[in-house]
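Given next are the chains, with one letter for each unit.
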Amino acid sequence: GFQLRITEDIAGPGGTTRYIRLRAGGTFHRRLSGNIDVSLGLEGGYMKGIGGRDVPLFDRFYIGGNSMRGFDLRGLGPKVVPTAAAPGQTTAIGGRAYYVGRVEIAMRLDGAFDKFGVSPSLFVDAGSVFGAKKSELLPGERLIGNAAKPRVAVGLGLSFNVSAGKLRFNIARPVARQAGDRSQSFSITFGTAF
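Quick notes on the rules
Residue numbers here run from 1 along each chain, matching the order of that chain's written sequence. It should be noted that, the model being predicted, local features are given only for residues of pLDDT at least 70 and side-chain atom pairs only at 80 or more, the latter also being counted only at that level, while totals for whole chains, interfaces and linings use all residues. As a convention, hydrogens and water are excluded, and side-chain values are obtained from all of the structure's heavy atoms. Aromatic pairing here means that ring centres of Phe, Tyr or Trp (its six-membered ring) are within 6.5 Å. Orientation follows from the plane angle: under 30 degrees is stacked, over 60 is edge-to-face, and everything else is tilted. By definition, being over a ring means that NZ of Lys or CZ of Arg is both within 6 Å of the ring centre and within 35 degrees of the ring normal. Note on definitions: salt bridges are taken to be side-chain nitrogens of Lys or Arg within 4 Å of carboxyl oxygens of Asp or Glu. Strands here are runs of E lasting at least two residues and helices are runs of H or I lasting at least four, both read from the DSSP assignment and numbered beginning at the N terminus. Any residue under 20% of the maximum accessible area for its type is buried, any over 50% is exposed, and the rest in between are partly exposed; the area is computed with a 1.4 Å probe on protein chains only. For two strands to be treated as a pair, DSSP must find no fewer than two bridges joining them. Among buried residues, those of type Ala, Val, Leu, Ile, Met, Phe, Trp, Tyr and Cys that are joined through side-chain atoms within 4.5 Å constitute a nonpolar core. We call two residues in contact when some of their heavy atoms are within 4.5 Å. All axes are obtained by fitting lines to C-alpha atoms, using only the stretch in contact for helices, and the reported angles, taken between N-to-C directions, cover 0 to 180 degrees.

Draft legend 1. Broad picture of the packing of aromatic side chains. Applying the stated criterion across every chain yields a total of 4 aromatic pairs. Each residue in the set F160, F169 and F186 is aromatic and connected to the rest through ring pairs, giving one cluster. One Lys or Arg, R69, reaches over the ring of F123 and ends 3.8 Å from the middle of that ring. Here R74 stacks its cationic end above the ring of Y62, 4.0 Å away from the centre of that ring.

Draft legend 2. Quick peek at the pattern of salt bridges. Using the criterion set out here, one finds 14 salt bridges in the structure. Note that E104 and R69 form a salt bridge whose closest N and O atoms lie 3.3 Å from each other. Taken together, the positions of E104 in strand β6 (residues 97-107) and R69 in the loop between β3 (36-49) and β4 (79-81) put the pair 35 residues apart, joining distant regions of the chain. Given a relative accessible area of 4%, E104 falls into the buried group. Its salt-bridge partner being E104, residue R168 comes within 2.6 Å of it at the nearest N-O pair. Of this pair, R168 sits in strand β10 (residues 165-176) while E104 is found in strand β6, placing the two residues 64 residues apart along the sequence. As far as burial versus exposure is concerned, R168 and E104 are alike and both buried.

Draft legend 3. Highlighting unusual backbone geometry. Positive phi, close to 60 degrees, is recorded for R74, a residue that is not glycine. Note that R74 resides in the loop between β3 and β4.

Draft legend 4. Highlighting the pairing of β3. Note: strand β2 (residues 19-33) against β3, 14 bridges, orientation antiparallel. Bridge pairing in β3 links R21 to M47. Once β2 ends, the chain turns through 2 residues before running back antiparallel as β3, passing G34 with a positive phi of about 50 degrees.

Draft legend 5. Representation of the nonpolar core. Within the largest apolar cluster, 13 residues are counted, with the highest numbers of intra-cluster contacts made by I63, M68, L76, Y98 and V129. For L76, the contacting residues outside a window of four places in its chain are I63, M68, F71, S128, V129, R151 and D181. Core analysis: the second largest hydrophobic core is formed by 5 residues, V80, I93, A132 and L137 among them.

Draft legend 6. Main features of the sheet that holds strand β9 (residues 151-162). Read across the sheet, 8 strands follow the order β1-β2-β3-β6-β7-β9-β10-β11 without closing on themselves; strand pairing throughout is antiparallel. With partners counted over all chains shown, the strands left at the sheet margins are β1 (2-11) and β11 (186-191), one partner each. Ignoring which end each strand starts from, the neighbouring axes of this sheet average 20 degrees apart. Inspection of the sheet shows β6 paired to strand β7 (residues 119-130) by 10 bridges, in the antiparallel sense. Bridge pairing in β7 places V100 opposite G127.

Right, dumping it as structure tokens:
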């Protein structure tokens, strides 16, 4: 089956923040043969300030963690290196555009494993967050990781059906990254999402 999503947010009336944000995405699932399933996902978004106003940091796009396995939460995308910063010291400032693509091949196991819905998988996630403005920097600050060039991570997943949903363990490793990106090799998710 497949699923398509389009959302639009407009911030402005009654507040000091004014922007428009558009997000679109879709997922496609198909059984290839026997116990092998393939899932494809693609999503992206763009936002722009209205009336010359800037988009606040907390409203910008951030990916990583569950949205981009292999990278820490807010672990990829535009970051500011402060003046006289210690090595590795950065601040994530989010972007005004992003995209993420996912490909996953999962195998359903028979026998006792089927009772618990045990399903190992291989996956590749690729994406980027970008669109920060250098004009927002203070004197002496540098902007890194602000390119649309994709970051890529590959990994293994193992999911289990439990009474309240699906429990999933992921081990992932970035194979393409940019300056300032922070990786996260292990993650656990709980729910019913892809």
